[in-house]
Amino acid sequence: MVLISLGIEGTAHSFGAGIVSDDGQVKSNVWDMLTPSEGGIHPREASRHHSELGPLIIQKSIANAGIVPNDIDIVSFSRGPGLGPCLRTTATMARTLALRLNVPLIGVNHCVAHIEIGCLDSGFRDPVTVYVSGGNTQTIAFSGGRFRTFGETLDIAIGNMLDSFGRDVGMRFPAGPKIEMASLDASTFYELPYSVKGMDLSYSGLLTAARRLYSEGVAVSDICYSIQETAFGMLAEVAERALAHTKKDEILLTGGVAKNNRLTNILEGVAERHDAKFHRVSPTLAGDQGAMIAWTGILQYNAGDQIPIPDSHVLPKWRTDEQEIIWRA
Ligand code: ATP
Ligand code: FE2
């Protein structure tokens with residue numbers, strides 16, 4: 001008998017629902033992303049998006065998996081970190097379903113879920129993870145019962161930096177893919193601030209300098225190319241150091257920015273130089289979606305980790321290294 005997990009994700013601009021079984025099969029993964037025509041995401045708008053579309057997305061994921069609600073054995077939800085209003089809307093749906101179906105409720109850390117779905121996807125057991133998204137830029141490795149953040153951004157996340165620059169030059173959110181496309185037409189590299197401090201890095205100086213180049217009339221494609229080479233070069237340096245420091249032999253690239261082919265090439269090079277294996281998470285599992293929550297929920301449930309509904313308040317600031325990873329102990 002397989003165990004079926006429904007995973008609900010709604011930490012920021014995306015709402016997703018996925019069905020995964022405990023033999024590691026992703027049976028469905030449905031999501032929708034709020035894409036404001038201008039400006040960033042407003043937490044209240046995003047939570048309204050989730051409450052309006054959430055029930056339909058959940059229904060669709062159940063139908064796509066070819067199951068009925070009563071087949072669901074556990075309900076997993078993204079408990080944090082994320083935007084308070086979005087988390088609360090998502091948690092309310094998860095609690096309602098767990099109560100209605102009379103099944104256990106599992107609170108999942110969103111960042112941990114990005115790592116665990118990457119491990120399922122790659123078969124890696126103990127990687128150095130480069131987790132890059134709109135809200136996060138971290139180098140993570142398992143050590144002493146937790147996922148330790150070896151390095152992270154000191155200011156803005158890489159995806160946020162890409163989206164901010166893209167917005168300035170008229171690209172619609174999310175700008176990451178558009179910047180990747182534009183950089184293919186570049187002819188000149190412009191030096192931009194390269195800022196690595198130990199294991200940490202910083203992208204705000206790079207963003208300011210890129211904006212300045214734009215105001216000086218430099219071609220957008222050249223700036224996009226220069227941003228990518230510089231920002232990804234910084235990531236390569238910290239990934240390399242994390243690998244040397246931890247002596248692990250796998251590099252996992254995960255999070256929305258993992259969809260970038262140039263970043264993938266660069267990190268592949270790092271892995272090769274260190275005789276390490278490399279995996280970039282599959283595109284449908286890279287961004288925010290429910291399957292990663294469903295799968296991590298299974299790992300937690302099997303290790304005895306579930307939460308009573310009265311204790312299931314959301315954790316907007318839940319850090320990756322704050323959770324005991326009991327299923328890996
Ligand atoms: P988190 O909550 O984990 O920080 P998130 O809310 O930012 O995640 P994701 O879907 O993981 O959501 O990542 C979205 C980010 O990925 C956006 O900043 C987007 O520009 C970026 N992105 C998507 N595709 C690409 C690409 N091809 N190249 C670079 N960046 C990309
Ligand atoms: Fe994410």
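Calculation notes
- Residues numbered from 1 in each chain as written.
- Chains lettered and ligands numbered in written order.
- Predicted model: local features only at pLDDT ≥ 70, side-chain atom pairs only at ≥ 80, totals over all residues.
- Heavy atoms only, no water.
- Helix = DSSP H or I, 4+ residues; strand = E, 2+ residues; numbered from the N terminus.
- Expected span 1.5 Å × (residues − 1).
- Buried < 20%, exposed > 50% of the residue type's maximum accessible area, 1.4 Å probe, protein only.
- Contact = heavy atoms within 4.5 Å.
- Pairing = 2+ DSSP bridges.
- Domains from an automatic or database assignment.
- Buried area = accessible area lost by both parts, 1.4 Å probe.
- Salt bridge = Lys/Arg side-chain N within 4 Å of Asp/Glu carboxyl O.
- Polar contact = N/O pair within 3.5 Å; in protein donor to acceptor, adjacent residues only side chain to side chain.

Digging into helix α2 (residues 84-101)
It helps to recall that an α-helix has 3.6 residues per turn; residues three or four apart then point in one direction.
Here is step 1: The first and last C-alpha atoms of α2 sit 26 Å apart over 18 residues, in line with the 26 Å expected at 1.5 Å per residue.
Here is step 2: Of the residues making up α2, those classed as buried are G84, C86, L87, T89, T90, A91, M93, A94, A98 and L101.
Here is step 3: Buried residues belonging to α2 abut β1 (4-9), β2 (14-21), α1 (43-64), β4 (74-80) and β5 (105-109).
Here is step 4: Residue N102 follows α2 closely and has a positive phi angle near 60 degrees.

Considering the pairing of β2
For a regular strand, the rule is simple: side chains alternate between the two faces of the sheet.
Here is step 1: With eight of eight residues buried, β2 lies mostly within the body of the structure.
Here is step 2: Side chains S14, G16, G18 and V20 of β2 all project onto a buried face; the interleaved residues F15, A17, I19 and S21 project onto the opposite face, where all are buried too.
Here is step 3: Sheet topology note: the β1/β2 ladder contains six bridges and is antiparallel. Bridge pairing in β2 places S5 opposite V20.
Here is step 4: In sequence, β1 turns back onto β2 through a hairpin of four residues.
Here is step 5: With seven bridges connecting them, β2 and strand β3 (residues 26-33) associate as antiparallel partners. Opposite A17, over in β3, you have V30 as the bridge partner.
Here is step 6: Once β2 ends, the chain turns through four residues before running back antiparallel as β3, passing G24 with a positive phi of about 85 degrees.

Here we look at the environment of V30
Here is step 1: Within the secondary structure layout, V30 lies in strand β3.
Here is step 2: We classify V30 as buried; its relative accessible area is 10%.
Here is step 3: Residues V30 and C224, spaced 194 residues apart in sequence, show a C-alpha to C-alpha distance of 31 Å.
Here is step 4: When residues no more than four places from it in sequence are discounted, the contact partners of V30 are F15, G16, A17, I57, K60, S61 and N64.

Let's talk about the domain arrangement of the protein
Here is step 1: In terms of domain boundaries, the protein breaks down into domain 1 (4-114 + 286-322) and domain 2 (126-283).
Here is step 2: Between the C-alpha centres of domain 1 and domain 2 the distance comes to 27 Å.
Here is step 3: Listed per partner, the contact involves 18 residues of domain 1 and 20 residues of domain 2.
Here is step 4: The junction of domain 1 with domain 2 conceals about 1,500 Å² of combined surface from both sides, 55% of it contributed by carbon and sulfur atoms.
Here is step 5: Looking only at domain 1, the three residues that lose the most surface to domain 2 are H114, A286 and D321, adding up to 37% of its buried area.
Here is step 6: Connecting domain 1 to domain 2 are one salt bridge.
Here is step 7: E152 is the partner of R319 in a salt bridge, and the nearest nitrogen-oxygen pair spans 3.5 Å.
Here is step 8: Where domain 1 packs against domain 2, one counts ten residue pairs in polar contact (both at pLDDT 80 or more).

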